[in-house]
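Observations on the model geometry
Here are the chains, one letter per residue:
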Amino acid sequence: QVQLVESGGGLVQAGGSLRLSCAASRGTFRTYTMGWFRQAPGKEREFVAAIKWSGDSTPYADSVKGRFTISRDGAKNTVYLQMSSLKPEDTAVYYCAAGTSPHASSQLDRYDYWGQGTQVTVSS
């Protein structure tokens, strides 16, 4: 059973930056893709970014392109989401997910394991 633990959320002013981390632990697994999703109050969970464990193929949601960067450290089994130029509409609970699909998918059902989420609040 894979466990994912997110950290790095918090309160930031519009225009600021935050870096989220997701550490994967427990057991041996072959994870092809890691993803970040977010869910704002009253809205469905939506795709933010994904990365194959090889480090290539990094799709982003249009709403975050040019502002967010996903990366991974294979030695630490950790994936990061660097968020810059944050906007109030980026406010949400951010979830890390891991999936065995070989493709960096934006689809929720392609991911098998989920973290507990970390709150990001951007004030105007």
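All of the points below concern the structure found in this document. (Residues numbered from 1 in each chain as written. Predicted model: local features only at pLDDT ≥ 70, side-chain atom pairs only at ≥ 80, totals over all residues. Heavy atoms only, no water.)

A word on the sheet that holds strand E3 (residues 18–25). The 4 strands lie next to each other as E1-E3-E7-E6, forming an open sheet whose pairing is antiparallel. Either end of the sheet is taken by a strand with one partner, and the two such strands are strand E1 (3–7) and strand E6 (68–73). When the angles between neighbouring strand axes are averaged without regard to direction, this sheet yields 15°. Of the pairings in the sheet, the one linking E3 to strand E7 (residues 78–83) comprises 6 bridges and is antiparallel in character. Residue pairing for E7: Ser21 is matched across the bridge by Tyr80. (Pairing = 2+ DSSP bridges. Helix = DSSP H or I, 4+ residues; strand = E, 2+ residues; numbered from the N terminus. Axes fitted to C-alpha atoms, helices over the stretch in contact; angles between N-to-C directions.)

Below, the discussion takes up the side chain of Ser101. The residue Ser101 is located in the loop between strand E8 (92–99) and strand E9 (113–114) in this model. Ser101 gets classed as buried once you look at its relative accessible area, which sits at 10%. Within the structure, Ser101 has its side chain in polar contact with the backbone nitrogen of His103 (distance 3.2 Å). Not counting the four nearest positions on each side in its chain, Ser101 is found in contact with Tyr32, Thr33 and Arg110. (Buried < 20%, exposed > 50% of the residue type's maximum accessible area, 1.4 Å probe, protein only. Polar contact = N/O pair within 3.5 Å; in protein donor to acceptor, adjacent residues only side chain to side chain. Contact = heavy atoms within 4.5 Å.)

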